[in-house]
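# Chain and residue survey
As a plain string of letters, each chain reads:
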Amino acid sequence: MSEKVQDHIFELIHNMQKSERRYFKIYASKHVIGEENNYEALFDFFAKLDVYNEEQLRQHFAGQAMLNNLTITFHRLYDHLLKALESYHASTSVDLELRHLLNYADILYNKSLYAACAKMCKKIKKLAMQHDRNTALLEHNRIVKKLIEVENYEKVKSNELEEIHQSDQLILDNLSRISELWFVKSKLLNKLNTEGHAKTENDKKFYLELSQQLKAPKSNLFEEQYLYLHAKAAQYFAVSDFNNCLIFIEKNLELFEQNPEKKETQLNRYISLLSNAIYLHQISLKFNEARNHLKQLKIVYASYDKKRADDLAIKLFNSTFSTELMINIHTGNFEQNIAIIPEISEQLELFKSKISVVRETYFHYCFAISFLAVDKPKTAIKHINAVLNTENSNKIQDTLDASRILQLIALTELKEYQVVSSLSKSTKRQLASHNKWGEFEKLLFRYLEKWARAEKKWEEEELFADFLEHLHKNAKTYSTSSTYHIFPFKCWAESKFQQKSIGSCVQQQLSELAK
């Protein structure tokens, strides 16, 4: 990430909504420098750029005094942008409003307008208590104490002093518990995100000892309850106890339902909870529950301004469509995936370089599976190539390995025997180097070459029937292979000689599992 102020200006302007841009124009018009509003002119220039180019800027503003010290000009513009945004959001952000009110109270106190200051404090207390803002309450108490002192304790009663002291202690206790929960939760997630699930007894011991530090909430504060439930979910997820993990995620979602305003003020957390719940329901084969949460996610997505292209918009886009694609793949609804690909492609183009390599290649990977499943191997190959031709491939090694397998399947469908034979050798080497060359891979590659050579339909059908028989006989062994799970191989084989689609076969299997 660049540390240059002009890059921060560019990113900030291009993340502003239309209403925010309009407000800045009004704000900037009140801060004219000389005869021309340089802030507004610079803003318009940055807004039109696709990529910041200083040479282009100097040509555009040639002869103007502000170029003499461009760094100072940029810093002033950035400062005005932030102040304008602060002013714009003051009425919609509780924290900003409280900050302003506290500043007003300090100003009134410094002007010796103590009655007005006391009235302002009442407003601060009401708003802070309504929204569980403990630090603002502490600041409120600080100003109240100053008012008591300046009046020489003449207007305060003993029980009021006791109330202020108890209030301080309660707030500090709340903050201490919340801080401790955040610390334990963060230590759990830090280990989980850097080292993965518990693999050894020492790992399990670490997670167990950390979880023993978690203390059940002592208040109804949203933050305390959220952090506790989040930490408990992380604890169970770390040791692969997905059922208990899901219980605590669902409890946290219930907490958001009980506090609907938090869905807006803490949207990032809400999106993460929905995404995690969908994932856990999927691996538990509870697809109806997964789809119910997906509906909630899509409601949020529909109401959010995607054109902002900020981190939250990108996260919402990724979470919504990656989960929908995978649910459809797991439930055999491949045609539904084909139907939403144009919308996903449009958003990918809108976000361009802001989408991570991992996310973009995952979308193409899901597209490829879907097109293969509806017997469109040529289209699938286009998306497979989009994955295989990705730069920084070290970040997507698993997706690359899976895509090489999908490529061989697509080429087999197209009867490209010579290409299959050639690519099989290099793919074998790749898989072996990544410790992925096991019994299932050996079986699959043996039949890939046979299928590509089959000239008559009955030969192909016999080979697929034989392949399917192997899968049924050794299902337990083969299911330990990561390759086994990248594509519905059983249904692919069945579709070749039972005259039914891969999707209907997947749905039939799920129906049988549910019985």
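This text gives an overview of the structure that appears in the document. Throughout this document, residue positions are counted from 1 along each chain, in the order its sequence is written. The predicted nature of this model means local features are confined to residues of pLDDT at least 70 and side-chain atom pairs, given and counted, to a pLDDT of 80 or more, with totals for whole chains, interfaces and linings taken over all residues. Excluded from the side-chain calculation are hydrogens and water; included are all heavy atoms of the structure.

So, on to the overall build of the protein. Numbering goes from the N terminus for both helices and strands, where a helix is a DSSP run of H or I of at least four residues and a strand is a run of E of at least two. Secondary structure assignment for the protein yields 26 helices and zero strands. The quantity called the radius of gyration is restricted to C-alpha atoms. Its globule counterpart is 2.2 Å times the number of residues to the power 0.38. Taking 515 residues into account, the globule formula puts the C-alpha radius of gyration at 24 Å, and the protein, at 30 Å, lies well above it. Once the C-alpha set of the protein is aligned to its principal axes, its extents read approximately 100 × 65 × 35 Å. Whether two residues are in contact is decided by their heavy atoms: any pair within 4.5 Å suffices. The long-range fraction of contacts in the protein, counting pairs at least 24 apart against all pairs at least 6 apart in sequence, stands at 60%. Measuring between centres, the 70 positive side-chain charges of the protein sit 1 Å from its 67 negative side-chain charges. Asp and Glu count as negative and Lys and Arg as positive, but His and the ends of the chain are not part of the count. Charged side chains are reduced to one point each, which is NZ for Lys, CZ for Arg, CG for Asp and CD for Glu.

A positive phi angle is found at Asp 132, which is not glycine, with a value near 55°. By secondary structure assignment, the location of Asp 132 is in the loop between helix H7 (114–130) and helix H8 (134–150). Within the chain, Leu 285 stands out as a residue other than glycine whose phi angle is a positive 60°. Secondary-structure assignment places Leu 285 in the loop between helix H14 (267–283) and helix H15 (287–303). Throughout, exposure labels follow a simple rule: accessible area from a 1.4 Å probe, protein chains only, divided by the maximum for the residue type, with under 20% read as buried, over 50% as exposed, and the rest as partly exposed. A relative accessible area of 48% places Leu 285 in the partly exposed class.

Centres within 6.5 Å make a pair out of two Phe, Tyr or Trp rings, where for Trp the six-membered ring is used; the pair is then stacked when the planes are under 30 degrees apart, edge-to-face when over 60, and tilted otherwise. Enumeration over the complete set of coordinates arrives at 33 aromatic pairs. Between the aromatic rings of Phe 489 and Trp 492, the centroid separation amounts to 6.4 Å while the plane-to-plane angle is 65°, which identifies the pairing as edge-to-face. Here Phe 489 and its partner Trp 492 are both found in helix H25 (residues 489–497), three residues apart, which amounts to about one turn of the helix. Judged by its relative accessible area of 2%, Phe 489 falls in the buried class.

With that out of the way, let us pick up the state of the cysteines. A pair of sulfur atoms, both from cysteines and within 2.5 Å, is called a disulfide here. For the coordinates displayed, the defined rule picks out one disulfide. Between Cys 491 and Cys 505 runs a disulfide, and the two sulfur atoms are separated by 2.5 Å. On the sign convention where negative means left-handed, the S-S torsion of about -75° between Cys 491 and Cys 505 marks this disulfide as left-handed. Of this pair, Cys 491 sits in helix H25 while Cys 505 sits in helix H26 (residues 502–514), and the two are 14 residues apart along the sequence. In this structure, Cys 491 and Cys 505 share a single accessibility class: buried. Cys 117 forms no disulfide, and the closest cysteine sulfur to it belongs to Cys 121, at a distance of 4.4 Å. By relative accessible area, which is 0% here, Cys 117 ends up buried. Look at Cys 121 and you get buried, because its relative accessible area is 2%.

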